[in-house]
Amino acid sequence: MNSSIQMTEKQAAGEKAAEVVRDGMVVGLGSGSTVYYTICQIGAMVQSGMRLKGVSSSQATTVLAQKMGITLVSLNEIERLDVTIDGADEVDAQLNGIKGAGGALFFEKLIATASEQVIWVVDSSKVVTRLGARPLPIEVTPFAYRQIYGKMHAAGLRPVIRLAGEQPYCTDSGNYIIDLQTNELQEPQALADWLQAVPGIIAHGLFIACATQVVVGRGNSTELITRPQISLKS
């Protein structure tokens, strides 16, 4: 995708999602280049008189939100968030996603789990038929990251330790990230369950049935996709 078109789509999606924010809300603020536009838009709304509280998912988001005059609180200070707006690396038709390219997946997952509504903002290149073309980030404890790497390698998951220079990349929470080269995932839920059971994995980048809506930038406009509802027959 042409980079200028991609940035236009990111801005369109990011700013559109901010329209759900209302006075008095507690809003989860995600991380990444598309949510950047959401946070800037929310900041403009705050500067125009809107009152709200934000919960930040990363140090980079904290710096931006403070610059925009958004009042921040910790997750421990509130019971629930009204909405979280975040980005995603990939989204499929069921609104399952892969997140964590920016390294904030653990905090992003905690905030999403505490939210009444989760909205992802993406450019059109992030919408896929099947998850797995991009690496799947796994946040792991530094105490046993080589052992976890070995288990993943033995399982045929093609792990790669993320580096910052010559040292392992360190997240805001002090953990390391192992990126899995998965290709197309046939059974994302099965992989998520396997990863969840490995001691030392702090969080994985599979977000299954997490987003309630996705705002997709398409050129200068946006498309809103709502997660399909499963009807239960008695």
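Above this text is the structure in question.
What you see is a predicted model; the values in this text were computed from it and never measured.

Draft legend 1. Representation of the side chain of threonine 84. Mapped onto the elements of the fold, threonine 84 is located in strand S4 (residues 83–86). The buried category is assigned to threonine 84, whose relative accessible area is 2%. Polar contacts involving the side chain of threonine 84 include one to the side chain of serine 115, which spans 2.6 Å. For threonine 84, the residues in contact, after removing those within four places along its chain, are Gly28, Ile111, Ser115, Gln117, Val118 and Ile119.

Draft legend 2. A look at the sheet that holds strand S15 (residues 213–218). Here we have seven strands laid out as an open sheet, ordered S3-S2-S1-S4-S7-S15-S16, and mixed in their pairing. What marks the edges here is a single partner per strand, and that holds for strand S3 (71–72) and strand S16 (221–226). Both S15 and S16 contribute to a ladder of six bridges, which runs antiparallel. By the bridge assignment for S16, valine 216 is matched with glutamate 223.

Draft legend 3. Region of the structure containing the nonpolar core. Core analysis: the biggest nonpolar cluster contains 23 residues, and Val21, Ile42 and Ile70 have the highest contact counts within it. Those elements giving two or more residues to this core turn out to be helix H1 (3–17), strand S1 (26–29), helix H2 (35–47), helix H3 (59–67), S4 and strand S7 (118–123). If one sorts the elements of this core by residue count, H2 sits on top with five residues. If near-sequence neighbours (up to four positions away) are discounted, isoleucine 70 is found in contact with Leu29, Ile39, Ile42, Gly43, Val46, Leu52, Gly54 and Ala65.

Draft legend 4. The packing of aromatic side chains, seen in detail. Counted according to the given criterion, the structure contains four aromatic pairs. Each ring, one from tyrosine 145 and one from tyrosine 176, has its centre 4.9 Å from the other, and the planes form 80°; the classification is edge-to-face. A residue pair is termed long-range when its members are at least 10 positions apart, and tyrosine 145 in helix H5 (residues 145–154) and tyrosine 176 in strand S12 (residues 176–180) qualify at 31 residues. Judged on exposure class, the residue tyrosine 145 and its partner tyrosine 176 are both buried. A cation over an aromatic ring shows up here: lysine 99 above the ring of phenylalanine 207, its NZ or CZ 5.4 Å from the ring centre. Here the guanidinium or amino end of arginine 162 rests over the ring plane of tyrosine 169, the centre of that ring lying 5.5 Å away.

What counts as what
Residues numbered from 1 in each chain as written. Predicted model: local features only at pLDDT ≥ 70, side-chain atom pairs only at ≥ 80, totals over all residues. Heavy atoms only, no water. Helix = DSSP H or I, 4+ residues; strand = E, 2+ residues; numbered from the N terminus. Buried < 20%, exposed > 50% of the residue type's maximum accessible area, 1.4 Å probe, protein only. Polar contact = N/O pair within 3.5 Å; in protein donor to acceptor, adjacent residues only side chain to side chain. Contact = heavy atoms within 4.5 Å. Pairing = 2+ DSSP bridges. Core = buried A, V, L, I, M, F, W, Y, C linked by side-chain atoms within 4.5 Å. Phe/Tyr/Trp six-rings, centres within 6.5 Å; stacked < 30°, edge-to-face > 60°. Lys NZ or Arg CZ within 6 Å of the ring centre and 35° of its normal.

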